[in-house]
4 protein chains.
Amino acid sequence: MSEILSDSWRYCVGTGRLNLALRADYLESLAMMQKDIGFRYVRGHGLLSDDMGVYRQSVVDSKAHVRYSFTYVDQVFDRFLELGIRPFVELGFMPTALASGPETVFWWKGNITPPRDWGEWAALVSAVVRHLVDRYGIEEVRTWPIEVWNEPNLPQFWKNADQKAYFRLYETSARAVKDVDAQLQVGGPSLSPGADEWWEPFAEFVARRDVPVDFVSRHAYASGPAQHVPFGTYQTLASPQSLLDQFAAPRKYLASTALASLPVHITEFNSSYRPDNAIHDTAYQAAYLAPVLVGGADLVDSYSYWTFCDVFEEENVPTSVFHGGFGLLTHRQIPKPAYHLYTFMARMGSQVLARGDDHLVCEDDNGRVTVLAWQPVGGTDAPDAEDRHSVKLSVPMSGPRAFVRRERVNEHDGNAFAAWRELGRPRSPDTKTFDLLRDCARPVASHQSLSIVDGMVALDLVLARHEVTFVEVLPVHTEEHAGLDDRRLLGVSDDRLVARW
Amino acid sequence: MSEILSDSWRYCVGTGRLNLALRADYLESLAMMQKDIGFRYVRGHGLLSDDMGVYRQSVVDSKAHVRYSFTYVDQVFDRFLELGIRPFVELGFMPTALASGPETVFWWKGNITPPRDWGEWAALVSAVVRHLVDRYGIEEVRTWPIEVWNEPNLPQFWKNADQKAYFRLYETSARAVKDVDAQLQVGGPSLSPGADEWWEPFAEFVARRDVPVDFVSRHAYASGPAQHVPFGTYQTLASPQSLLDQFAAPRKYLASTALASLPVHITEFNSSYRPDNAIHDTAYQAAYLAPVLVGGADLVDSYSYWTFCDVFEEENVPTSVFHGGFGLLTHRQIPKPAYHLYTFMARMGSQVLARGDDHLVCEDDNGRVTVLAWQPVGGTDAPDAEDRHSVKLSVPMSGPRAFVRRERVNEHDGNAFAAWRELGRPRSPDTKTFDLLRDCARPVASHQSLSIVDGMVALDLVLARHEVTFVEVLPVHTEEHAGLDDRRLLGVSDDRLVARW
Amino acid sequence: MSEILSDSWRYCVGTGRLNLALRADYLESLAMMQKDIGFRYVRGHGLLSDDMGVYRQSVVDSKAHVRYSFTYVDQVFDRFLELGIRPFVELGFMPTALASGPETVFWWKGNITPPRDWGEWAALVSAVVRHLVDRYGIEEVRTWPIEVWNEPNLPQFWKNADQKAYFRLYETSARAVKDVDAQLQVGGPSLSPGADEWWEPFAEFVARRDVPVDFVSRHAYASGPAQHVPFGTYQTLASPQSLLDQFAAPRKYLASTALASLPVHITEFNSSYRPDNAIHDTAYQAAYLAPVLVGGADLVDSYSYWTFCDVFEEENVPTSVFHGGFGLLTHRQIPKPAYHLYTFMARMGSQVLARGDDHLVCEDDNGRVTVLAWQPVGGTDAPDAEDRHSVKLSVPMSGPRAFVRRERVNEHDGNAFAAWRELGRPRSPDTKTFDLLRDCARPVASHQSLSIVDGMVALDLVLARHEVTFVEVLPVHTEEHAGLDDRRLLGVSDDRLVARW
Amino acid sequence: MSEILSDSWRYCVGTGRLNLALRADYLESLAMMQKDIGFRYVRGHGLLSDDMGVYRQSVVDSKAHVRYSFTYVDQVFDRFLELGIRPFVELGFMPTALASGPETVFWWKGNITPPRDWGEWAALVSAVVRHLVDRYGIEEVRTWPIEVWNEPNLPQFWKNADQKAYFRLYETSARAVKDVDAQLQVGGPSLSPGADEWWEPFAEFVARRDVPVDFVSRHAYASGPAQHVPFGTYQTLASPQSLLDQFAAPRKYLASTALASLPVHITEFNSSYRPDNAIHDTAYQAAYLAPVLVGGADLVDSYSYWTFCDVFEEENVPTSVFHGGFGLLTHRQIPKPAYHLYTFMARMGSQVLARGDDHLVCEDDNGRVTVLAWQPVGGTDAPDAEDRHSVKLSVPMSGPRAFVRRERVNEHDGNAFAAWRELGRPRSPDTKTFDLLRDCARPVASHQSLSIVDGMVALDLVLARHEVTFVEVLPVHTEEHAGLDDRRLLGVSDDRLVARW
């Protein structure tokens, strides 16, 4: 009996700050990704930061006039919805005019201090949510998760990592949201890795004060400290399993609390947490993530890849087309190997037939069978991957023969990063070279006809180094073409032709 | 004998800072405008400002590695060229890492201080120009004017308005440009209005030191001091002629200098210099600018409207769709009346038949005659415009009858600002209201058949308040349709039909 | 209490023979129409005619191999569905290879004879329906009405108008359809006007032999005999009411039969039945059809305008862009006045507030009120229309003021046919003139702000000759803009401005 | 010293009858092909056949009114020019209303008889040419070759293959063309293979009567008699050289005549002359044609592949997506192997470096080197091709390393026909299968970095059975990325990585 393939892997995806969603390159990447993959939600920082222009003051004759403005928020959310993706709303960072201090995070200077006036913060949250409801309708906005702030346990993101202040922010925000409509979904605390000691006090706080909470959230990363080189970093990597362990943590720590049964969202995850680590550009990254995508749904309700494209400026403007950015796509839409991992997942069938350490097999109602297979890799401490990895599978199929199509991504195939290195690593390629790189990024495909024996097709897949491979097996219904005889293609009957054409 | 209609009016157009050219809304406006109007060049600030990421440092182990990076410059210029418009390059403002001080201009904080190291500035200019030549070819880049800085005579734009420091900047930059290729075109000094005392020293300086200069440039605005209201301003306006007087100034002041015969570019002009003055949104603006567009070519080589669209952030993010922005187009492409003035100009014929205080008449080789007519307005001090203005013209045409089509823009017709006021001035309209406003922005059109008497068609045009009107007169070649008789449309011959259908 | 506005007026639309649906011009017209109007079904002749290549024979060594082929049928139906319109299937005409005689109809020679072998006909119908079900799914195809033949009561369309042979064709076809799936919808007899004497025998026949019938169908036209001129015709016209009377006929004649409660589809209607009568190109046609579109839903389940575009060849290839074709659109998509009548209907609200001889008023849940108004015209025998027609209405609206937008189509406005006559009636315009004609075809629009008194807005509409007008009345929610004062636009406070801008 | 690569191979391409150019599928194929290949001219039959509606009569009261109509001609030629391709005009076949007899050719019944009135024919030719000049301008139309009729030496195409009647047709037509403008280009006699005995009398006739002739034309095919099977044929094939021999024939036979120096156009060529021979769908066809495309320019001014797409109806409507049609593209744009041969040619460099029996090497000014290589095949009589074919080449390149990209088309790669057979040969695939077939039609690509030794790159290409391969060799300019070290990708320095990533 088959299990339904969960959609958790594409429930949400991360993005650079929301102001970047005004850009053409960003939107072209999003449109391409939605067509190829189809995420449900997108989450990013900066909804309330100055460059979105929401909380505005105009001072005339020494008097400040406050106005909530949605010029850019509407542009961004209108486009998201047009492209079939919904906002996973993150409330933050602090508008400068409402901030209690000057501290900021990132090159783009998101203010990370508590509000100077908690009532004005509540009014701002209320005004934003009310505007969204007015514009998009209450039924729509009720489907948008609203998360309070980002990684408040880190002093880079929340002044002094002040837990008490965060709990006040959470309560103020959650109540402001629910005052607009009680069915809106609010949650937190958006913890970074290594902060599991926050779960218990958070659960205790919301229970004690009866603060609304509809879901909990945290992040997961597997990399060690940054080893800086000019315009880049290297880092050690823990195993893929370490990511799954992080996914599992909230349920574990909340097991005996009132929050035990809430949905858990991993609102950010990746191998490395640095936007300048070249690992993101490699086939290794795809092989590394494959078991995480396949296994994550057992543990949580969603896990949001951080981030979908390289239009991202936390560490300043990237100086090279491949620069180790988080993106599944580079600037100007060159797919990285991890992008293909996601597109392969999007083409898997609806029901799971088999799962293993190096494969996932699914089928559809119409008999189509799909296989995702990968070479297992283990992070820095695991033995290096072999040059070849063999996956043998037997999949069900009716009829005498099946049509099999395979697409491969590895250190050579479907690998624009490899081609870019061979091309001399041009930092800002001309448009022809961009076209060439996009061509080289296409998975290499082959097709064949296989016999079906006892209702099964035997697949003997040899994977190259760091390969992720996708196989589609289709039933064949042969149509009649009376008189057709390929031996006669050259006008004389030639048995050699039918054997070899 | 007819005169060729000069193209100076569309030689150049202004834009918000170049980083904004990464945005989708901006590029959609630019694409629409290039299709409808077709400017040759676009000029804006901020090529070297931090958000373009050109001059980059990466500090590792206390050592700074400098890199010139073109990730965004290439994106912006590639798009410009794809859309058929070339950069009118403005060198500025100062990268923070190369600045001698912290002073900035605008909400987006362009650094306005001299370089801390003049050799590094020269190296930066050289690297940028060399990259452009490598990417786009020397033949192409030789057609791009390169202007040194912006309004150095104002302390907001150049620290202390230090003339001597500007002359050093000019010389350093111009020599760096010419060292790449002697045929590249460089110029300045990009003066603001009210700075004509700079012309003589500038001319003296470049002559004395034999500094390269291929063109001179200044700006022209006609508005008085800003009277602030929340999120907006009002200002008095001098007459349209005052703009033409400003156009004429460089030639006047340089008449007896070595620069007397250089091309003169008005690299910015508008009625008001404020991006929050509602006059820009009105039909008045179109009527006001009409004689400037028609007359400017007598005085200078180009005059660049500041700016083509409302994607502009010098005074922070706009808080309302109509907010008095400079744009010919609002966010999301609602044409303002001045946009239509430009589209009408773009449809004028190639040769001038007649010009007057309220009209321009042109014709094409194929006999098509076009008329631009407007109601003259005078600025704050002039008597208010009447409710009607009559323009009577006689234009040449062959054959017995002409087809005449007229399009009107005034306080009601082709006026989205008027409709927006009637709709209650929604600050952030929903997408249906945007569609409605775009519909209301379309000029109102009519057509008719007129007799030709003695080779002339008499046009008796009555213009409404603040109207700009466009008329196209086409020769008619009647084709034969034997047996066709409109009197018979209802199956019986009825003379009433032919008279009235 | 309001009544829902029925969708019957756009349930179906007619088309030239299905082979024409392979053409780009046709598909561009269909795409435009579906965006502007949104018909549900499309019905045309020729599904089984030779140029669709369905019933194919290949003779090799004197032996005929029969093959059912769907190369073109699939192309056509795939496109229909992509464009959001479904086939209203008409079974006919006869493939030459299956025909019992050489008689044909139309320039394109549709064979109108009974099958030479009734079993092969049944097999063909069965193969076609089975293919559609295989390709598009049974749920989809069950929504497609299947009509047997076209106007069998006329000898031009069915050899000798042989009623007995038609009944055999109907029975054979209906049973073949139902043998594929019992829930497929089949009907007939697709009578021309003037054949009501067929209803009783048809009802008697199907009842007696228990032949499946899911709907009945007939056609309606209001024109007299063709008065030929070269490449055109003129005809008298009966009143619009005469069309509604024809709509009502099937229910009247079937009232006491077993078919009394079946759906009735008017599978063709128009003023004139000639594809070369210029009446189709006029504003008169729109005014004439308005009461038919508004009133038809009272009488039948659908009424299908014959036809949506001028890509049509029953009387050979049209020799002029305006040639009196049936189309709502000319070749190359110039909208005729009747096209606008349909787009106006498509923009009407969901509930009917009022109906009259010259108007229809609707509203939506959000308070938007829409008006369709027209000048009544009566056909050849009625007095000619006046130059003006007045419609006064009062419509409900909340708040102090309403925004009103009006669009007009009459003998001048929104009338490309009028402009074409003024342009000298060019038979094959160049592409610029096509653009000009499309511009002239756009309805003329105006907008204004009206006061609401006692919850009502008074509309005083004066219509020009043969006008169809569309009015949209919107509630206004005024937003606050503190400090904004239009009197100050020129920088001094001037009361004249606020009154007149 | 290098030779310029001639453009003759893409000077012209053939098409099904011009009426088919009204179809969407056709135009989508043409647009795709023009983007990928970029032919200069397109030539097809049927400009004057009834379904183009040019010569029209309307009979009213027994009087015939003649009208020349261009409704469809304008649609077709407007589209051609929009898509960047010009008409190679073929005058024919005979409008039924002007024909002297009922004889027709093809399923679509082109009338092949002489005009019943030679004056009316001349008037028709004159009217058509005059219309084209009026619409497109004389400068444009002077670039369009005008060919008189098609294969008049065959009785299928010209009644009785009456040479004298053809000469009269030629003279009448040529003079009618030149009467419109003396610089228009007219030619003939459009001979089929096997008709070289016509050259001398043609040359003698035009010389004797001083008839205008600007070019001569003939066709070339290499297949033997049709061996029919249901809905298909098989034929023997002569060698590729036999096509080149046919190309050479006109110059040979005209060598001593007044026409010796005229341009020679092969206005049709292909392997088989049948539109239902599966050889057209195979990789064999691409390998077969490669030496013809490369060598043809030595012999003639153009050779026009018959035809660019499978939208073609000479033998009735195709009954299967792969059916042996002439097209480079199937219905709905699946590229066949021969399509790729043409796209490879379109990507070759501008100068020829080397040519051989199995290769062509070109280079561009910027140092890019391209290779076209193929496995030689010989037609029915030659030994069958081996499973492998080796091509070793050495090409010039500067720098230490080169980037090499290769694309392959053979019996498996880039071969939708092979995939279609594996899929069970579905005659009318659903849209998903069409997508799958288009995916399978994409050439298989690989890339690598090669060392440059003594300014040369060694290419060792092993081709699979019936392969055509394209190789692009690019110079590499390595950019500096200080600190970058791929050994550190996993955060520890690992020499195994740099060797194998």
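Residues numbered from 1 in each chain as written. Chains lettered and ligands numbered in written order. Predicted model: local features only at pLDDT ≥ 70, side-chain atom pairs only at ≥ 80, totals over all residues. Heavy atoms only, no water.

The name an unreviewed UniProt entry gives chain A is Xylan 1,4-beta-xylosidase, with Kibdelosporangium banguiense as the organism. Of chain A, the UniProt comment under Sequence similarities (unreviewed entry) reads exactly: "Belongs to the glycosyl hydrolase 39 family." (UniProt positions renumbered as here; feature names shortened; annotations may be inferred.)

A. Structural context of the UniProt feature "domain: Glycosyl hydrolases family 39 N-terminal catalytic" (unreviewed entry) in chain A. Under the local residue numbering, the UniProt record ascribes the feature "domain: Glycosyl hydrolases family 39 N-terminal catalytic" (unreviewed entry) to residues 5–447 of chain A. For residues 5–447 of chain A, the helix share is 29%, the strand share is 23%, and the end-to-end C-alpha distance is 25 Å. (Helix = DSSP H or I, 4+ residues; strand = E, 2+ residues; numbered from the N terminus.)

B. Looking closely at the domain arrangement of chain A. All names here are of chain A. For chain A, the assigned domains read domain 1 (3–346) and domain 2 (351–496). Taking only C-alpha atoms into account, the centre of domain 1 sits 35 Å from that of domain 2. With 35 residues of domain 1 at the interface, the matching set in domain 2 holds 35 residues. Of the roughly 3,000 Å² buried between domain 1 and domain 2 on both sides combined, carbon and sulfur atoms contribute 70%. Counting the surface domain 1 buries against domain 2, the share from its top three residues, Glu3, Tyr284 and Phe344, is 22%. Our enumeration of links across domain 1 and domain 2 arrives at two salt bridges. Between Asp298 and Arg355 there is a salt bridge; the shortest N-O distance is 2.7 Å. (Domains from an automatic or database assignment. Contact = heavy atoms within 4.5 Å. Buried area = accessible area lost by both parts, 1.4 Å probe. Salt bridge = Lys/Arg side-chain N within 4 Å of Asp/Glu carboxyl O.)

C. Summary view of the packing of helix H2 (residues 71–82) of chain A against helix H3 (residues 118–136) of chain A. All names here are of chain A. Between H2 and H3, the shortest axis-to-axis distance is 12 Å and the interhelical angle comes to 45°. In terms of their interaxial angle, H2 and H3 are classed as oblique. Classified by chirality, the crossing of H3 by H2 is right-handed. Residues Val73, Asp74, Phe77, Asp78 and Leu81 of H2 pack against His131, Leu132, Arg135 and Tyr136 of H3. A per-class count over the contact of H2 with H3 returns five nonpolar, one polar and three charged. (Axes fitted to C-alpha atoms, helices over the stretch in contact; angles between N-to-C directions. Parallel < 35°, antiparallel > 145°, perpendicular 65-115°, else oblique. Left-handed = near helix turned anticlockwise from the far one by under 90°. Nonpolar A, V, L, I, M, F, W, Y, C, P; charged D, E, K, R; others polar.)

D. The arrangement of the interface of chain A and chain C in detail. Between chain A and chain C, the residue contacts involve four residues of the former and four residues of the latter. When the area that chain A buries against chain C is broken down by residue, the three leading residues are Arg67, His481 and Ala482 of chain A, summing to 80%. Connecting chain A to chain C are zero salt bridges. One can count zero residue pairs in polar contact (both at pLDDT 80 or more) joining chain A with chain C. Residues belonging to the side of chain A that touches chain C are distributed by class as follows: one nonpolar, one polar and two charged. (Polar contact = N/O pair within 3.5 Å; in protein donor to acceptor, adjacent residues only side chain to side chain.)

E. Seen up close, the side chain of Glu90 of chain D. All names here are of chain D. Note that Glu90 resides in strand E7 (residues 89–91). A polar contact of 3.2 Å, which involves the side chain of Glu90, links it to the side chain of Arg43. Setting aside its immediate chain neighbours within four residues, Glu90 contacts Arg43, Gly44, His45, Leu47, Glu147, Trp149 and Asn150.

F. Up close: the sheet that holds strand E22 (residues 444–451) of chain D. The seven strands are arranged E1-E17-E18-E19-E24-E21-E22 (chain D) in an open sheet whose pairing can be described as antiparallel. Every interior strand has two partners, whereas the edge strands, strand E1 (3–4) and E22 of chain D, have only one. As paired strands, strand E21 (residues 401–409) of chain D and strand E24 (residues 468–475) of chain D are joined by eight bridges and run antiparallel to one another. By the bridge assignment, Arg405 of chain D is partnered in E24 of chain D with Glu472 of chain D. Packed onto the sheet, helix H11 (residues 431–440) of chain A meets E21, E22 and E24 of chain D and runs at close to 55° relative to E21 of chain D. (Pairing = 2+ DSSP bridges.)

G. Structural detail: the environment of Val369 of chain D. Residue and element names in this part refer to chain D. Considering the arrangement of structural elements, one finds Val369 in strand E19 (residues 369–374). Residues Val369 and Ile112, spaced 257 residues apart in sequence, show a C-alpha to C-alpha distance of 49 Å. Not counting residues within four places of it along the chain, the set of residues in contact with Val369 comprises Val361, Cys362, Glu363, Val395, Pro396, Met397, Val471, Glu472 and Val473.

H. Molecular detail of the relation of the copies chain C and chain B. Structural alignment of chain C on chain B gives an RMSD of 0.0 Å, achieved by rotating through 180° and translating 0.0 Å along the axis. Here the copies are linked by what is in effect a two-fold axis. Residue Val444 of chain C of chain C places its C-alpha closer to the rotation axis than any other residue of that unit, at 3.4 Å. Interface overlap between copies is the fraction of interface residues in one copy that are interface residues in the other; for chain C against chain B it reaches 100%, indicating a shared surface. (Least-squares fit on C-alpha atoms with pLDDT ≥ 70 in both.)

I. Molecular detail of helix H6 (residues 199–208) of chain B. All names here are of chain B. Every buried residue belonging to H6 is among Trp199, Phe202, Ala203, Phe205 and Val206, and all of these are buried. Taken end-on, H6 shows its buried residues confined to a sector of 165°, consistent with a single buried face. Exposed residues pointing more than 90 degrees away from the buried face of H6 are listed as Glu200 and Arg208. Positive phi appears at Asp210, one or two residues downstream of H6, with a value of about 55°. (Buried < 20%, exposed > 50% of the residue type's maximum accessible area, 1.4 Å probe, protein only. Arc of directions from axis to C-beta.)

J. The arrangement of the nonpolar core in detail. Counting 271 residues, the largest nonpolar core has Tyr26 and Phe269 of chain C together with Tyr26 and Phe269 of chain D as its most contacted members. One finds Leu30 of chain A together with Leu20, Trp118 and Tyr136 of chain B within the second-largest nonpolar core, a separate group that totals 254 residues. (Core = buried A, V, L, I, M, F, W, Y, C linked by side-chain atoms within 4.5 Å.)

K. The arrangement of the packing of helix H5 (residues 163–180) of chain B against H6 of chain B in detail. All names here are of chain B. Remark: H5 packs on H6, axes separated minimally by 11 Å, with the N-to-C direction vectors making an angle of 45°. As judged from the angle between their axes, H5 and H6 are oblique. The handedness of the crossing between H5 and H6 is right-handed. Of the residues in H6, those in contact with Gln163, Tyr166, Phe167, Tyr170 and Glu171 of H5 are Pro201, Phe202, Phe205 and Val206. Here the residues of the contact of H5 with H6 are counted per class, giving seven nonpolar, one polar and one charged.

L. Quick look at the packing of aromatic side chains. Applying the stated criterion across every chain yields a total of 144 aromatic pairs over all chains. A centroid spacing of 6.1 Å and a plane angle of 85° characterise the contact between Phe167 of chain D and Trp198 of chain D, whose relative ring orientation is edge-to-face. Taken together, the residues Phe167 of chain D in helix H5 (residues 163–180) and Trp198 of chain D in the loop between strand E11 (185–191) and helix H6 (199–209) connect sequence positions 31 residues apart. Across this residue pair, the class does not change: Phe167 of chain D and Trp198 of chain D are buried. What links up through ring pairs into an aromatic cluster is the set Trp9, Phe39, Phe247, Phe269, Tyr303, Tyr305 and Tyr342 of chain A. (Phe/Tyr/Trp six-rings, centres within 6.5 Å; stacked < 30°, edge-to-face > 60°.)

M. Representation of the interface of chain C and chain B within the structure. In this assembly, 66 residues from chain C lie in contact with 66 residues from chain B. Here chain C and chain B share an interface that buries about 5,800 Å² over both sides, 55% of which is from carbon and sulfur atoms. Linking chain C to chain B there are four salt bridges. One salt bridge in this structure joins Arg421 of chain B and Asp486 of chain C, with 3.1 Å as the shortest N-O distance. Our count for the contact surface shared by chain C and chain B stands at 25 residue pairs in polar contact (both at pLDDT 80 or more). Sorting the residues of the side of chain C that touches chain B by element identifies strand E13 (227–229), strand E21 (401–409), helix H10 (416–422), helix H11 (431–440), strand E22 (444–451), strand E24 (468–475) and helix H12 (495–500) of chain C as the ones contributing at least two each. At six residues, E22 of chain C tops the list of elements feeding residues into the side of chain C that touches chain B.

N. A look at helix H9 (residues 337–346) of chain C. Taken across its ten residues, H9 of chain C has nine buried, putting it largely inside the fold. Of all the residues in H9 of chain C, the buried ones are Pro337, Ala338, Tyr339, His340, Leu341, Tyr342, Thr343, Phe344 and Met345 of chain C.

O. Seen up close, the relation of the copies chain A and chain C. You can overlay chain A on chain C at an RMSD of 0.0 Å; the transform is a turn of 180° with a shift of 0.0 Å along its axis. Taken as a fraction of all interface residues of chain A, those also at the interface in chain C reach 100%, which identifies the copy contact as same-surface.

P. Local environment of the side chain of Asn153 of chain A. Residues and elements named next belong to chain A. The residue Asn153 is located in the loop between strand E10 (145–148) and helix H5 (163–180) in this model. Taking the relative accessible area as the measure of exposure, Asn153 reaches 12% and is therefore buried. A polar atom in the side chain of Asn153 sits 2.7 Å from the side chain of Ser192. If near-sequence neighbours (up to four positions away) are discounted, Asn153 is found in contact with Ala161, Leu191, Ser192, Ala195 and Trp198.

Q. Structural context of the confidence of the model for chain A. Mean pLDDT over chain A stands at 96; residues scoring 70 or higher make up 98%. Confidence estimates for the predicted assembly give a pTM of 0.97 and an ipTM of 0.96. (pLDDT = per-residue confidence, 0-100.)

R. Region of the structure containing the pairing of strand E18 (residues 359–363) of chain A. All names here are of chain A. Among the five residues in E18, four count as buried, and that is most of the element. Here strand E17 (residues 351–356) folds back onto E18, and the loop between the two strands holds two residues. Relative to strand E19 (residues 369–374), E18 runs antiparallel, the two sharing five bridges. Bridge assignment links His359 to a residue of E19, and that residue is Ala373.

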